[in-house]
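# Coordinates in review
As a plain string of letters, each chain reads:
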Amino acid sequence: MTIEDIDKEFFFHPFTQLREHQQHGPLTMVEGHGSTLTDTRGRTYLDAMAGLWCVNIGYGNTEMAETLRAQTERLPYYHTFASMGNEPVARLAQRLIAMAPGEMSKVFFGNSGSDANDTQVKLVWYYNNVLGRPEKKKIISRRRGYHGVTVMSGSLCGLPGMHAGFDLPLPMVHFVRAPHRLWEQQEGQSEEEFVRDLADELERLILAEGPETVAAFIAEPIQAAGGVIVPPASYFPAIQEVLRRYDVLLIADEVVCGFGRTGDTFGSEVFGVRPDLITVAKGITSAYVPLSACIVSAPVWDVIASGADKYGVFSHGYTYSAHPLAAAAAMTNLDIIERDGLMRQAKARGDHLAERLRAEFADHPLVGEVRGYGLLGAVEFVKSKDPLTAFDPALKMSAAVVQRARELGVISRALPASDSIAFSPPFVVTEDEIDEMAALARQALDDVARDLRL
Ligand code: PLP
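About the thresholds
- Starting from 1, residues in each chain are numbered consecutively following that chain's sequence as written.
- Where totals are concerned, whole chains, interfaces and linings use all residues; where local detail is concerned, this predicted model gives features only for residues with pLDDT of at least 70, and gives and counts side-chain atom pairs only at 80 or more.
- Remark: hydrogens and water are excluded; side-chain values derive from all non-hydrogen atoms of the structure.
- UniProt positions are given in the numbering used here, feature names are shortened, and annotations may be inferred rather than shown by experiment.
- For each residue, the test is whether any non-hydrogen atom lies within 4 Å of the molecule or strand; if one does, the residue is near.
- The definition of a polar contact used here is a pair of N or O atoms within 3.5 Å, where within protein one atom must be able to donate a hydrogen and the other to accept one, and adjacent residues in sequence count solely through side-chain atom pairs.
- Residue exposure ignores everything except the shown protein chains as possible cover, and the areas themselves are Shrake-Rupley values with a 1.4 Å probe.
- The cut-offs for exposure are 20% and 50% of the maximum accessible area for each residue type, with area from a 1.4 Å probe on protein chains only; residues under the lower value are buried, those over the upper are exposed, and the others partly exposed.
- Secondary structure elements follow DSSP: runs of H or I of four or more residues count as helices, runs of E of two or more count as strands, with numbering from the N terminus.
- Pairs of strands are assigned from DSSP output, requiring at least two bridges between the strands.
- Angles run from 0 to 180 degrees between N-to-C directions of axes, and those axes are lines fitted to C-alpha atoms, restricted for helices to the stretch in contact.
- In this description, contact between two residues means that some pair of their heavy atoms is separated by no more than 4.5 Å.
- Take the residue count of a helix, subtract one, and multiply by 1.5 Å to get its expected span.

Taking an unreviewed UniProt entry as the reference, the protein is identified by name as Aspartate aminotransferase family protein belonging to Actinoallomurus iriomotensis. Within the UniProt record for the protein, the comment given under Sequence similarities (unreviewed entry) is "Belongs to the class-III pyridoxal-phosphate-dependent aminotransferase family."

Residues in contact with the ligand, as listed here, are Ser112, Gly113, Ser114, Asn117, Tyr146, His147, Gly148, Glu220, Asp253, Val255, Val256 and Lys282. In the model, a nitrogen atom of the ligand is placed 3.4 Å from a nitrogen or oxygen of the Tyr146 main chain. Asp253 places a polar side-chain atom, nitrogen or oxygen, 2.7 Å from a nitrogen atom of the ligand. Out of a free accessible area of 380 Å², the ligand has 83% covered by protein chains.

Let us now look at the pairing of strand 6 (residues 173-176). The alternating pattern of strand 6 places Val173 and Phe175 and His174 and Val176 on opposite faces, both of which are buried. Here four bridges tie strand 5 (residues 138-142) to strand 6, and the two strands are oriented parallel to one another. Bridge pairing links Ser141 to Phe175 in strand 6.

Taken in spatial order, the seven strands line up as 4-10-9-8-7-5-6 in an open sheet, and their pairing is mixed. The outermost strands of the open sheet, each flanked by one partner alone, are strand 4 (104-110) and strand 6. The average undirected angle you get between the axes of adjacent strands in this sheet is 20°. Pairing analysis gives six bridges linking strand 4 to strand 10 (residues 292-297), with the strands arranged antiparallel.

Moving on, we come to the sheet that holds strand 17 (residues 420-423). Ordered by their spatial adjacency, four strands build an open sheet running 11-12-17-16, and the pairing between neighbours is antiparallel. Looking at which strands have only one partner, the edges of the open sheet turn out to be strand 11 (367-373) and strand 16 (413-415). When the angles between neighbouring strand axes are averaged without regard to direction, this sheet yields 25°. Relative to strand 12 (residues 376-381), strand 11 runs antiparallel, the two sharing six bridges. Counterpart to Arg371 in the pairing with strand 12 is Ala378. Sheet strands in contact with helix 16 (residues 397-408) are strand 12, strand 16 and strand 17, and its direction is about 175° off that of strand 16.

Take helix 6 (residues 113-130) next. Look at helix 6: 25 Å from first C-alpha to last across 18 residues, which is about the 26 Å you get at 1.5 Å a residue. Burial within helix 6 is extensive, with 15 of its 18 residues counted as buried. One or two residues past the end of helix 6 sits Gly132, with phi positive at roughly 75°.

Following this line, the structure appears as structure tokens:
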């Protein structure tokens, strides 16, 4: 049996069209170096997505291998329940608090972005219960937002595909529009009016639900999976004014933006976000080992800590919370990023990526928008620019371009919520690699347009 046959027979793939998978089988990677992957047939690909927006230091880093070997020999595992501890995790928590924006106080560790966002909601509920306001529980999220797949994190997603078949979202989750200028900004509306419009929508929702029932608002600084939606500079300040007025906490989901993808340590710093709670995952270890964290501000921590009087033990955590291998990997990952100036490099390569994407796509008749920030980019396809008309989703335009690009040797990712393809390469990507990614993606679009007679 080939590895592809074994995969088809036994492996239940996440986020996969299961019937099609049975016909086509997997594309199985066996090796990676820098921004390049190799499959079982020896074909190589440029990974324009750093896996799933996460292998920021690139594949095959030997320092990470050495850290994992050394920590495995010293202490491969010990739990952190009931006041037990381990060394790497205490040091990592200290480092995260020093790095995080605002007045942050404590770090709670998990294993994925999904479980961390789920934990954030539990923290917010616990906080309001300690404060004696058990009715303040609703969470507001945004359309096009992506926050994970657990029952709560999946509910927080503003992507309809995330709910179909799963009886989600939970009823205490509500949505407002995303700051996606291409589709949401009315003709003739200034940026200021657009932002006002979005802040007013949020305020109307809070008032309609009753401010005494609304606990938190969750947002990615840049919405990644929803289409690499970059907010106007005045967006978060306006949103936060509303949240403060009604005593609604802000959870910044930094799972993609965190640790340098925008060129700064956190997306919150770039877009004026002042979070009460921060979610990180992915880039914290460059995905070498699963790890996530909820970073909790001092005022929220003080309330949660005082919950001991009311509830006794804080009964939440995982066997793998604060895993020493993951914490050691995170420390080495952050050492590498700092020592090698990889955040600065991400910004510089991001500028190059933006220039190449604009050069290849901006004037294309089937491209509605080229956008991005830092080392995050997207190209959105449209049927027509004037009048602005989307493709029929059944055409699966972005998926077709991604498929063709893969045949040409570049791995991008389709973001169907905005019919876009994404670019989020490792920070170590070279300018030549970026040139090739952009050129081959452009060729893929032209090939698909020709085949579909567009
Ligand atoms: N939040 C954001 C912004 C994400 O992009 C993701 C994953 O892509 C998640 C949360 C969920 O993280 P995980 O897949 O590790 O559960």
